[in-house]
Amino acid sequence: MGKKGKKEKKGRGAEKTAAKMEKKVSKRSRKEETLLYNELYTYSIRKDAWTKVDIPNPPPRRCAHQAVAVPQGGGQLWIFGGEFASPDGEQFYHYRDLWVLHLATKTWEQVRSPGGPSGRSGHRMVAWKRQLILFGGFHESTRDYIYYNDVYTFDLDTSTWTKLSPSGTGPTPRSGCQMSVTPQGSIVIYGGYSKQRVRKDVDRGTQHGDMFLLKPEEGREGRWAWTRINPSGAKPTPRSGFSVAAAPNHQTLLFGGVCDEEEEESLQGDFLNDLYFYDPARNRWFAGQLKGPKAEKRRRRRGKRAEPGTADKQEVEGPGAPEPLEVVREVVSEAGTVVTIKQVLAAPSSAGRPASDDDEDSPDEAGVPTVEPSPRSNAMLAVKHGRLYLYGGMFEAGDRQVTLSDLYCLDLHKMDAWTALVEADPENQEWLEETDSEEDSDEVEGAEGGGEDDEDDEDEEEEEDDDGGEHHPSVMPSEPFVDYLPRTEQYWVKLAREAAAPGAQEKRVLRSAQAMAKAFFEASA
């Protein structure tokens with residue numbers, strides 16, 4: 001990111017980096033201007049295409065806000081706060097307004113309710129039962145700045161704000177942290193960034209690595225308590241600007257980010273593209289390494305098999321892992337010029353899923369370069385049917401900011417390889433005609449890095465017959481198993497978990513679920 005003068009550095013730091021990342025989720029920066037938008041796009045998984053959705057009276061242009069999808073009222077998207085900045089970045093304004101997009105009617109509505117949070121950016125917001133819960137963020141003016149660690153709830157039934165006063169010692173003020181809901185109904189806060197002034201014109205930034213649990217107190221409605229936790233496992237390295245999504249099996253997924261190293265006259269950023277999973281049931285972090293089919297194929301051809309459980313251990317602990325690789329890539333910047341960047345990649349794990357004898361040669365064996373997202377910060381994440389979708393983000397090469405518009409997909413159950421999807425910039429793509437199909441109306445999910453795997457798609461198929469039997473998810477006409485399994489996997493996982501012995505490993509539960517699904521599929525065919 002290069003050398004900065006003191007005057008130029010004033011007010012900079014990782015939170016500024018994070019704010020810029022959140023501003024530029026698509027390739028729209030021109031001539032070093034800050035351009036903000038209030039457009040709405042959906043991505044169709046089946047069509048592998050973007051659609052621009054024009055809805056009258058949207059919220060004003062902004063960035064670094066929060067958006068949360070809830071099922072109420074046929075589907076709603078709630079948006080709070082954010083920041084407006086002039087093209088030259090000299091003037092900016094923090095919003096404190098609340099908006100809802102009614103997905104069923106495709107209408108925007110501004111919800112006016114007193115007593116809400118102050119104007120801010122970089123805050124985090126999640127859906128909890130029939131409420132929205134908001135934490136932290138920061139507000140900055142030309143004269144000063146302030147970071148927050150306050151907690152507010154918004155009741156979706158009564159449309160009222162309430163400021164919480166949790167007991168215990170909670171996180172210090174911060175922005176850009178992880179905020180996710182556990183299956184037990186608690187809320188996890190991890191990491192984030194804050195800064196403080198140490199002397200005139202000199203600020204010191206802190207990248208937080210602590211973790212807290214916000215839990216409702218039993219028998220005391222509306223009362224909450226903070227608890228600091230110390231997870232085990234392979235913890236993420238300190239960073240900010242990372243992206244978060246809800247993964248299968250109630251885990252939280254963390255991707256990428258940037259680690260800023262601030263000195264008196266310079267600000268250097270190390271951008272990342274690694275994956276981590278947090279399991280709240282075990283209070284443990286896991287490194288999400290790709291399994292790579294090449295080594296597994298070689299073992300299969302030699303008649304050797306990896307022992308059960310060794311793959312899982314190597315992915316988490318990583319003893320004796322191969323040395324990382326340094327790859328030089330060329331990326332087209334927002335101005336159309338080519339930027340050369342160096343990327344350090346973790347070597348793929350040699351443990352992979354067993355391959356059948358009729359498997360075709362993998363792209364890796366055929367000499368095709370491995371496809372995966374380049375290091376970046378503030379990419380947009382969503383999980384659908386066990387697949388992670390990653391869009392855009394930004395990184396910096398020297399003094400140049402590079403905004404990205406690429407789209408990738410990763411099967412979170414197989415963890416074998418990333419797949420590159422549409423590469424066209426949504427802004428410049430020829431838009432599709434809007435349709436009334438459910439397929440296009442339900443794609444707005446996981447906004448601002450928080451898409452949850454839809455379990456209710458399959459839950460409705462668990463109703464019982466008159467004779468007490470269960471309706472297993474039916475096979476659609478001409479549907480291949482590779483499409484049937486992702487569509488119904490959550491149902492079979494639930495069934496397998498209920499049938500498994502207490503304490504059974506999640507990996508074995510998943511194998512049982514896939515076997516049950518395949519048996520039913522073949523019987524139906």
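Coordinates for the structure precede this section.
Conventions used here
- Residues numbered from 1 in each chain as written.
- Predicted model: local features only at pLDDT ≥ 70, side-chain atom pairs only at ≥ 80, totals over all residues.
- Heavy atoms only, no water.
- Helix = DSSP H or I, 4+ residues; strand = E, 2+ residues; numbered from the N terminus.
- Buried < 20%, exposed > 50% of the residue type's maximum accessible area, 1.4 Å probe, protein only.
- Areas by Shrake-Rupley, 256 points an atom, 1.4 Å probe, with all protein chains shown as cover.
- Contact = heavy atoms within 4.5 Å.
- Pairing = 2+ DSSP bridges.
- Salt bridge = Lys/Arg side-chain N within 4 Å of Asp/Glu carboxyl O.

Participant: Please provide a residue-by-residue account of the overall build of the protein, values included.
Facilitator: If you tally the helices and strands in the protein, you get 8 helices and 27 strands. Looking at the protein residue by residue over its 525 residues, the buried ones come to 51%. Total accessible area computed for the protein in this model is approximately 26000 Å², and 48% of it derives from carbon and sulfur atoms.

Participant: Which residues make up the environment of Asn57, and what values go with them?
Facilitator: When you line up the elements, Asn57 lands in the loop between strand 2 (49-52) and strand 3 (66-70). Classification of Asn57 as exposed rests on a relative accessible area of 62%. Along the sequence, Asn57 and Trp108 sit 51 residues apart, while their C-alpha atoms lie 6.4 Å from each other. Leaving out residues up to four positions away in the same chain, Asn57 has contacts with Trp99 and Trp108.

Participant: So what's going on with the pairing of strand 7 (residues 124-128)? Residues and values would help.
Facilitator: Of all the 5 residues making up strand 7, 4 are buried; the element is thus mostly covered by neighbouring parts of the structure. In the sheet, strand 7 pairs with strand 8 (residues 131-140) via 5 bridges, with the strands oriented antiparallel. Along strand 8, the bridge assignment pairs Trp128 with Gln131. The antiparallel hairpin formed by strand 7 and strand 8 contains 2 residues in its connecting segment, where Lys129 sits at a positive phi of about 55°.

Participant: Would you mind going over unusual backbone geometry in detail, with residue names and values included?
Facilitator: Despite not being glycine, Ala64 shows a phi value in the positive range, around 55°. Along the chain, the position of Ala64 falls in the loop between strand 2 and strand 3.

Participant: Before we move on, could you go through the pattern of salt bridges and cite the residues and values that matter?
Facilitator: Counting across every chain of the model gives 12 salt bridges. A salt bridge links Lys195 to Glu140, with the shortest nitrogen-to-oxygen separation between them at 3.6 Å. Placement of the pair is Lys195 in strand 13 (residues 193-199) and Glu140 in strand 8, with a sequence separation of 55 residues. Glu140 matches Lys195 in its accessibility class, with the two residues each being buried. Residues Asp203 and Lys195 are paired through a salt bridge, measuring 3.9 Å at the closest nitrogen-oxygen approach. Classification of Asp203 as buried rests on a relative accessible area of 9%.

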